[in-house]
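Residue strings, one per chain:
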Amino acid sequence: MRSKTFLLTAMALTLLVTGTTVAQAQGTISGTVTAKETGEGLAGATVLVIESNRSVTTHTDGSYTITVPPGSYTLLVTKTGHASGRQSVTVAAGATVTANFEVAERLTQFGENVVVVGSRTRRTAIETPVPVDVVAADDLIDTGQTETSRMIQFLAPSFNFSTSTVSDGTDIVRPSTLRGLGPDQTLVLVNGKRRHNSALVHVNGSIGRGTAGVDLNAIPPSAIDRIEVLRDGAAAQYGSDAIAGVINIILKSDSEATRVDMSAGQNFDEDGETYTVGVNRGWSIFGDGFFNISAEFRDRGFTNRAGQDPRRIFNYLEQEFGMPALSDSDGDGTCDGGGSCTLDPREATYNRLNHRYGDAASENAYVWFNSEIPVSDNLDLYFFGGYSDRDGESAGFNRLPSQSRTNVLIHPAGFLPRINTRVNDYSFSAGARTTVDEDWTLDANVTTGMNEFEFIISNSANTSLGTLSPTMADAGTLSFGQTTFTADLYTAVDWGLAKPTAVAVGLEFRKDEYEIEAGQPESYIDGCADDMDAFPCFADQFGGRAPAGIQVFPGFQPANQVDKSRDNIAIYGDIEMNPSEDFLFGVAARFEDYSDFGSKLVGKLTGRYAFTEEFALRGSASTGFRAPSLHQSNFNNISTQFVLIGGVTTPLEVGTFRIGSPVANALGAEPLKEETSVNYGAGFTAKPMPNLLITADVFKIDIDDRIVISGQFRAADSQELADILDPFGVNAAQFFTNAIDTETEGAEIVVAWTRSFGDDQRISLTGAGAWNDTQVVGSVRTPAPLAGLGETLFNRTERTFVERGQPREHYTVSAKYAKGPFTALTRFNKFGAVTTAESPSDPSIDQTFTGKWLTDLDLSYRFNNGVRWTVGASNIFDEFPDKQRDEISFNGIFQYPRRTAPFGFNGGYYYTRLSFVIP
């Protein structure tokens, strides 16, 4: 691995040095970008030279300067929240050309922004041969949401951010998806560079079970300029994971101003209090360079929508005090014999709101930065990155004093165990762009990042340790790190076609590292095990064997520890040409070789034909792949999961066994291989009027060998399984497997209209919709040792998660009106129906939760001093999901779907926000 790293670094440095030694005569383009409405200079606008892919950002007064080799160029000016502008210029050696722009403000979230993804040549979103949504920073803030993923969900219908609760670590890092696929089937970039995944694997019942996606909420809204959502398979362009598409987060590059945003809000039910402070500051450095930094803090209180617990809480007095329980004939604490049972008097005063069912409490702190430094006329250095720290607290199932696994010696009245999570995330990227041989631009970059996820269990106990058990224990840490070296070369070649042909080639080397660290011994040990002679053996309160490990999340054991790494190297080529003025054609290919599973070659074709300036057809066809993650190949642990068995919610100790382990081998688990995909897309863009934009696309995605977690193979199912599982102290086993193939079909549409009235009134209407349908096709791929158990390997519950766990439809409609300093925004979101199958064997208790419309209102006023005050409410009509059926509501305690709620179950939320800019 070291030799590969050295070779790649040496190549990149050689190209870089070569590029910096090229001397050539330069010309200069300068000018000013002003706002049409006010005539004032527009800071932070991007001026792009399309042919060279070189760009600069305007200063506070709207001015800019950019140096280029002699030649003819097209300048494209964009500013988030404004219309774009174009101008053609010819530059001679040593000469300066002036190009001024006047751009109008727009109110729609969709428009002609320049995008980085979807094409190696920067184009506006409407000109790309594949669909790309651009979500601006102001649009994110105006949603009234406080998490980045939730903001995107309320603006981009193809994006989903499902809510689950009582799901261990997933309570604090929830999965986000694109086009109804898995969290790890979308590639995330920051400033066009690959972002590392979360260390957390979702193993409990939730959307994305068995995956580890990117934690978008580790990037604060205060640092984001815009988000580009590429809705098309792009593995041939960007590498593994880009099956559903690509999300590219562009960081702010503003200079010479400070922006402060402060907000406070809470739910209508008077919980979930949230306070946010975000500060962004930029400076101009070294002439045209900039340094921009953001700091943000967010404190969110937990929410609770649990129902009252109707069960008997305490043991009958006869048994609790060791007296004969004539009515408790078998000594299990239930009144099932003759005679009478005496209730504990504490039943009358017990607080029956004993569960926590909602959002976790969390404290979040972020520091992110973005910078670019022009060293010479043909060399720019850049660096960006950030650090986020998140402390969360969620809860598990309440442990009653009448249950065998409860350590009544420490918690005589039972307890609600807490899962405290500490998530630390950092990333750093540095690179250089330079000119090589006059025509080629080299971008050499290194990006590194790490995500650490620590579990600390509190208000709990290890029952097998009796009075010696702590109530708090470190249950272990997951970590995932990634370092990527890239060298990209691109140019525009004149092949005598209608326009110069864009050519890009490059190579990439990536190293992934995954680690599981054991928790402290008290979090996992079995006080009654044969090798625990130093501990007295504490049986459970009914004389049976007490469960090992701290309750709610037994710690990672030394046997679970993993320290694995892998590397891969990739090369790619990408060409976009214009055989005619109206026809754009692209072809891309990428070859990747992994150290742990092999190699893969994928390709992509794209095309766009403009019948007129107002109407164009576009389409794409590609193959793709996703390498099995190190998490999926190596994650293993024992967790307590509550499973519906025979109509009763039953706690089980479930072991997730990694590939190659004795249990996985005994169950026939095979080495994981890559998922492969074929992606087709077609659509059109139309601009029938200057202020009306329409795009529509259809797609089909076929995925083979999709990686999932198996269903649970339980010891109670057969003596053979019992013999396999008994040495590991678990009731059930599961493992990762390439068990299924899926087909996904869908369509997406965007309509955006805006109009100005007079000098100070503007109105915009935006409508967008997304439809998708995923089906498991063919038979479940079942290993020979599990012949006949295909319905266990991939059961009804897992199938329903994949096929119906996410909304098949999502619509968003918004209207925004501005008059002078006053702005009003109304947004409607329709989240489609979802279905749960709580029982792997009993379809009679499946439930479909109907779709719901949510309504948001945001009102703001900008004072003369630049202060903007906003009041608003999300879900103003306080909509909730349908309530769960009695059979799956856990005694009425879990009133709403806890695994697949697309918009959560908190109800309405109102807020106020104060924003201002300091020059």
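Here the structure is a predicted model, which is why all the values come from computation and not from measurement.

(A) Here's a closer look at the nonpolar core. Core analysis: the biggest nonpolar cluster contains 53 residues, and Phe453, Phe455, Leu478, Tyr514, Phe635 and Leu667 have the highest contact counts within it. Broken down by secondary-structure element, the contributors of at least two residues to this core are strand 23 (418-436), strand 24 (440-458), strand 25 (473-493), strand 26 (499-517), helix 7 (662-666), strand 34 (692-709), helix 8 (719-725) and strand 37 (736-757). With four residues, strand 25 is the largest single contributor of residues to this core. Setting aside residues up to four positions removed in sequence, Phe635 forms contacts with Val201, Val203, Leu478, Tyr514, Ile516, Phe556, Leu630, Thr656, Phe657, Arg658 and Phe736. Of all hydrophobic cores here, the second largest spans 32 residues; its members include Ile227, Ile249, Tyr382 and Phe384.

(B) Focus on empty space enclosed by the protein. Taken as a whole, the largest cavity holds about 400 Å³ of empty space. Taken together, 23 residues make up the lining of the largest cavity; nearest its centre are Gln145, Asn267, Asp359, Asn906 and Tyr909. Residue composition of the lining of the largest cavity, by class: five nonpolar, 13 polar and five charged. Forming the boundary of the second largest cavity are 21 residues, of which Gly208, Arg209, Arg706, Val708 and Val802 lie nearest the centre. Within the residue set of the lining of the second largest cavity, elements represented by two or more residues are strand 34 and helix 10 (796-804). Top element by residues in the lining of the second largest cavity is strand 34. It accounts for four residues. Taken together, the residues that form the lining of the second largest cavity break down as nine nonpolar, seven polar and five charged.

(C) Up close: the sheet that holds strand 15 (residues 193-194). What the five strands build is an open sheet, ordered 11-16-17-14-15; its pairing is mixed. Pairing within the sheet leaves two strands with one partner each, and these edge strands are strand 11 (132-136) and strand 15. Pairing between strand 11 and strand 16 (residues 224-230): five bridges, direction antiparallel. Paired with Ala136 across the bridge in strand 16 is Arg226.

(D) Expanded view of the packing of aromatic side chains. Under the criterion given, the structure shown has 34 aromatic pairs. Geometrically, the ring pair formed by Tyr357 and Phe905 is stacked, given 5.1 Å between the ring centres and 20° between the ring planes. In this pair, Tyr357 sits in the loop between helix 5 (317-320) and strand 21 (361-376) while Phe905 sits in the loop between strand 44 (868-874) and strand 45 (909-918), placing the two residues 548 residues apart along the sequence. Summarising the burial analysis for this pair, Tyr357 and Phe905 share the class buried. Here a set of aromatic residues connected by ring pairs shows up, and it is made of Tyr357, Phe397, Phe642, Phe890, Phe894 and Phe905. Directly above the aromatic system of Phe699 lies the positively charged group of Arg179, at a separation of 3.7 Å from the ring centroid. Across the ring face of Phe302, the terminal group of Arg356 is positioned such that the distance to the ring centre comes to 3.8 Å.

(E) Region of the structure containing the environment of Glu513. Relative to the elements of secondary structure, Glu513 occurs in strand 26. For Glu513, a relative accessible area of 37% puts it in the partly exposed group. Separated by 63 residues in sequence, Glu513 and Met450 have C-alpha atoms that sit 9.0 Å apart. If near-sequence neighbours (up to four positions away) are discounted, Glu513 is found in contact with Ser479, Phe480, Gly481, Lys564, Ser565 and Leu630.

(F) Focus on unusual backbone geometry. Residues other than glycine seldom take positive phi values, yet Arg179 does so here, at roughly 55°. Mapped onto the fold, Arg179 is located in the loop between strand 13 (177-178) and strand 14 (186-190). According to the relative accessible area criterion, Arg179 is buried, its value standing at 2%. Phi angles above zero are rare outside glycine, and Asn875 is one such case at about 60°. Looking at where Asn875 falls in the secondary structure, it is placed in the loop between strand 44 and strand 45. Given a relative accessible area of 4%, Asn875 falls into the buried group.

(G) Seen up close, the layout of surface pockets. Approximately 1,100 Å³ is the volume found for the second largest pocket. Taken together, 42 residues line the second largest pocket, and the ones lying closest to its centre are Ile638, Pro727, Phe728, Gly729 and Val730. When contributions to the lining of the second largest pocket are tallied by element, the ones reaching two or more residues are strand 31 (637-645), strand 32 (648-656) and helix 8. Tallied by class, the residues present in the lining of the second largest pocket amount to 22 nonpolar, ten polar and ten charged.

(H) View of the sheet that holds strand 5 (residues 71-78). Taken together, four strands build an open sheet; the order of strands is 3-2-5-6 and the sheet is antiparallel. In the strand order of this sheet, the two ends are held by strand 3 (54-57) and strand 6 (85-91), each with one partner. Within this sheet the neighbouring strands show an average axis-to-axis angle of 25°, counted without direction. Two elements, strand 2 (residues 46-49) and strand 5, share four bridges in a ladder whose sense is antiparallel. Paired with Val49 across the two strands is Leu75, which belongs to strand 5.

(I) Examining the side chain of Ser149 more closely. With respect to the helices and strands, Ser149 occurs in helix 3 (residues 148-153). Discounting residues that sit within four places of it in the chain, Ser149 has contacts with Phe159, Phe161, Ser176, Leu216 and Asn217.

Calculation criteria
Residues numbered from 1 in each chain as written. Predicted model: local features only at pLDDT ≥ 70, side-chain atom pairs only at ≥ 80, totals over all residues. Heavy atoms only, no water. Core = buried A, V, L, I, M, F, W, Y, C linked by side-chain atoms within 4.5 Å. Buried < 20%, exposed > 50% of the residue type's maximum accessible area, 1.4 Å probe, protein only. Helix = DSSP H or I, 4+ residues; strand = E, 2+ residues; numbered from the N terminus. Contact = heavy atoms within 4.5 Å. 1 Å grid on protein atoms, 1.4 Å probe; cavity = no way out; pocket = protein on both sides within 12 Å on 5 of 7 lines; lining within 4 Å. Points joined across faces, edges and corners; volume = space filled by probe spheres on them. Nonpolar A, V, L, I, M, F, W, Y, C, P; charged D, E, K, R; others polar. Pairing = 2+ DSSP bridges. Phe/Tyr/Trp six-rings, centres within 6.5 Å; stacked < 30°, edge-to-face > 60°. Lys NZ or Arg CZ within 6 Å of the ring centre and 35° of its normal. Axes fitted to C-alpha atoms, helices over the stretch in contact; angles between N-to-C directions.

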